[in-house]
Amino acid sequence: MSDGEEKYKEENFSSYSVERFEQMLEKREEYFFDVEEFEGLVEYYINSNNLKKANKVLHYATSQHPDSSILSLRQSQVFASIGKLNDALAILSNLELLEPFNAEVYLTQASIYSQLRKYNDAIRNYKMAIKYSSEDVDDLLLDLAFEYENCSQYENAIESLKKALKLNPDNEAVLYELAYCYDLANQLEASVEFYLDFIDDHPYSFIAWYNLGNAFCRLGLFEKAVDAYDYSIVIKDNFASSYFNKANTLVQLERYEQAIEVYRETFQCEEPQALTYSYIGECYEKLEQYEESIKHYKLALELAPELGDAWIGVGIVKDCQNLLHEGISYLKKAVDLENDNPDYWYIYAEALEKLEQFDKAKAAYVKVIALEPENVELWLDYSNIVRETESPESAIDIIHEAFSIFPNEAELLYRLGAYQIMAGSINTALGSIESGLQLNYEEHIKLFDYLPEAKYISAIIDLIELYKK
């Protein structure tokens, strides 16, 4: 019998069984179905996303065939699908005793344990499923790797994925996941070594070349990354991700014109993406071609009005064009869209300060410090605007607050010394500067960068000479 004939027979058998079962329910009678028919009905209703009806089938099935292990297994799977995980496990525990070599029993248990976040139990069951399976073992090894990742056992995950690739070197999901695991394990050099070896045996794997490019890029080996992406593109010239990542790498190399060309290549492989237009806009921004930059940022916003990077981009370019009074509304839109993005708030705060909207600027600095208190530059910038609009004493209070997060930050001590000089407290300033010199002598230059007149205070110069090595 041909595949087509067999499929036709199965479809007609399934259709007849479904009609008969529906008729039985409608007439409130009970018809006999054999185990195979019941199993087909369960699968039909599961595939139709009608779990309630599948459960009803199993009610009649287990009544008519109480000793059928396959129907018990299907019952456990339906229970698992409707959230009755403990009921499912109870059935499976019994089945494991009755059929200790049934891979599907272990596989179903593994899936449930994973849902329950009992990852070690899931791992044990995936191993048993792999032991007794004869098909799709590479996919089971991938599932096992996921559980190892859940336990942060990245070495074990990598080994599992390598075994999967030996069984099926064309498994794309495994190739991607292996690269991800190497990243999680912070083993980028090992990732490069693996993919180079893999490519020796499988030189036409475009995914392997792509992942090699990603690993090179993360290591800062941008020229090698570009070469790897090129090989991936030669093998599969419609793989948009290789073009996109190659363009990103060219940006790292500050080859912006080439990057723009490669970003555009992605449009031949897929529909234009908002993020790609935004990145092109950024390239034109770097090239100081501001009208083209704004044009592409706005193309991005046509596709994705919620893309904060494009709103920020337009605002920054307007600033470069000395049109910040126009650009500020774009920056405000970005922080409205992503209210917890510290980078956006920082840019917005600086822009408000430029526009001399000092109260709003200070409020923005307070917001960004709340989001990213570990950024020392924020504290310095915030203290500076407080010093300019209020007093050196108020700025000193800000620096003291920063010390609670950065108790050993020399730059804060030098800035504190500068504010104390401005407040007329020279002796106190000398104490702060000396503490800074003890922590980091070289950074004393930042005192002069911020307060050039400090170079002409002999007591400060003498103190610096004292600590000169």
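Structure report, in brief. (Residues numbered from 1 in each chain as written. Predicted model: local features only at pLDDT ≥ 70, side-chain atom pairs only at ≥ 80, totals over all residues. Heavy atoms only, no water.)

## Details of the overall build of the chain
We count it as follows: Comment: elements are numbered from the N terminus, with helices defined as DSSP H or I runs of at least four residues and strands as E runs of at least two. Radius of gyration: over C-alpha atoms. The globule rule applied is 2.2 Å multiplied by the number of residues raised to the 0.38 power. Only protein chains enter the accessibility calculation, which uses a 1.4 Å probe; a residue is then buried when its area is under 20% of its type maximum, exposed when over 50%, and partly exposed in between. Note on definitions: a residue-residue contact is assigned when non-hydrogen atoms from the two residues lie within 4.5 Å. Only the protein chains shown count as cover for residues, and all accessible areas are computed by the Shrake-Rupley method using a 1.4 Å probe.
When you go through the chain residue by residue, the secondary structure sums to 27 helices and zero strands. A globule of 469 residues ought to have a C-alpha radius of gyration of about 23 Å, yet the chain, at 33 Å, is considerably larger. The principal-axis extents of the C-alpha atoms in the chain amount to approximately 105 × 50 × 45 Å. Here the chain, with 469 residues, has 47% of them falling under the buried criterion. Within the chain, residue pairs in contact and separated by at least 24 positions form 48% of the contacts whose partners lie at least 6 positions apart. Total accessible area on the chain is roughly 24,700 Å²; 46% of this is exposed by carbon and sulfur atoms.

## Examining the packing of aromatic side chains
Selection rule: Aromatic rings from Phe, Tyr and Trp, taking only the six-membered ring of Trp, are treated as a pair when their centres fall within 6.5 Å; an angle between ring planes under 30 degrees marks them as stacked, one over 60 as edge-to-face, and anything in between as tilted. Think of it as a cone above the ring: NZ of Lys or CZ of Arg counts as a charge over the ring if it is within 6 Å of the ring centre and within 35 degrees of the ring normal.
All told, the structure shown has 19 aromatic pairs when counted by the stated rule. Relative to tyrosine 132, the ring of tyrosine 106 lies with its centre 6.1 Å away and its plane at 25 degrees, an arrangement referred to as stacked. Of the two residues, tyrosine 106 sits in helix α6 (residues 103-115) while tyrosine 132 sits in helix α7 (residues 119-132), which places them 26 residues apart along the sequence. Among the aromatic residues, those joined into a ring-pair cluster are Tyr176, Phe206, Tyr210, Tyr229 and Phe239. In this structure, lysine 236 is placed above the aromatic ring of phenylalanine 206, and the distance from its NZ or CZ to the ring centre is 5.3 Å. Above the plane of the ring of tyrosine 450 lies arginine 415, whose end atom (NZ or CZ) is 3.9 Å from the centre.

## A word on the state of the cysteines
In plain terms, the rule: Whenever a pair of cysteine sulfur atoms sits within 2.5 Å, that pair is classed as a disulfide.
Taken as a whole and judged by the stated rule, the model has zero disulfides. This cysteine, cysteine 269, is not joined by any disulfide, and cysteine 283 carries the nearest cysteine sulfur, 17 Å off.

## Notes on unusual backbone geometry
For serine 152, which is not glycine, the phi dihedral falls at a positive 60 degrees. Structurally, the position occupied by serine 152 is in the loop between α8 (137-150) and α9 (154-167). The exposure class assigned to serine 152 is partly exposed, which follows from its relative accessible area of 47%. Within the chain, glutamate 356 stands out as a residue other than glycine whose phi angle is a positive 60 degrees. As for its position among the elements, glutamate 356 is in the loop between α20 (342-354) and α21 (358-371).

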